[in-house]
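What follows is each chain in one-letter form.
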Amino acid sequence: MRPSLRRTVTGGALSMAFLGAGLVAAPSASAAAAYNGACGTGYTVVNSAAVGTRGMTYLTYSAATGKNCIVTIRNTSGTGVYIYAGFQLADQGDTAVDDHGTYTSYAGPVYISGKGACIDWSGAIGPAPEQYVIRYATNCG
């Protein structure tokens, strides 16, 4: 049985689900997926983590907008697999936003206003069993 944490936004909005079978060794720096700029102009990478050996999740921030953005990127594009990128304001479970589905290269971008808050963020990449990363209460400010 794989661990999961599921928080749902009321009103039929997106849900945040952290699913996975476990973490494995991080890919070498040369094999890791580079940030692809999907969040747009003015967003700077403020945190990142390997999604097992399959890719990277990037947390970015724009000082101009006060928003965070998250993207999970596969190391190698190809046939569609499950990819997840999501986050929420720490200790504020009703703020969860995510993007997930069958994608060939990445999930996201997803945005949340993060001024004055810490961020819980995660990413996952399939196929099953999914590899995942979860970080709690980071990038406070």
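Residues numbered from 1 in each chain as written. Predicted model: local features only at pLDDT ≥ 70, side-chain atom pairs only at ≥ 80, totals over all residues. Heavy atoms only, no water.

**A look at the sheet that holds strand 4 (residues 55-62)**
Which entries qualify depends on this criterion: Note on pairing: DSSP must find at least two bridges between two strands before they are called paired. A helix here means a DSSP run of H or I that spans at least four residues, while a strand means a run of E at least two residues long, and both kinds are numbered starting from the N terminus. Between N-to-C directions, angles cover 0 to 180 degrees, with each direction set by a line fitted to C-alpha atoms, over the stretch in contact for helices.
Strand order in the open sheet formed by four strands is 3-4-5-8, with antiparallel pairing between adjacent strands. Each of the sheet's edge strands pairs with one partner strand only, and the pair in question is strand 3 (44-51) and strand 8 (106-113). Here the average twist between neighbouring strands, direction ignored, is 15 degrees. Relative to strand 8, strand 5 (residues 67-74) is paired through six bridges, and the arrangement is antiparallel. Its bridge partner lying in strand 8, Lys67 is registered against Ser113.

**Examining the sheet that holds strand 6 (residues 81-89)**
Read from one edge to the other, the open sheet built from four strands follows the order 7-6-9-10, with strand pairing classed as antiparallel. The open sheet has two free edges, formed respectively by strand 7 (97-103) and strand 10 (131-138), since each of these has just one partner strand. Across the sheet, the mean angle separating the axes of adjacent strands is 5 degrees when strand polarity is ignored. Of the strand pairs in this sheet, strand 9 (residues 119-125) and strand 10 are connected by six bridges, and their pairing is antiparallel. Bridge assignment links Trp121 to a residue of strand 10, and that residue is Arg135.

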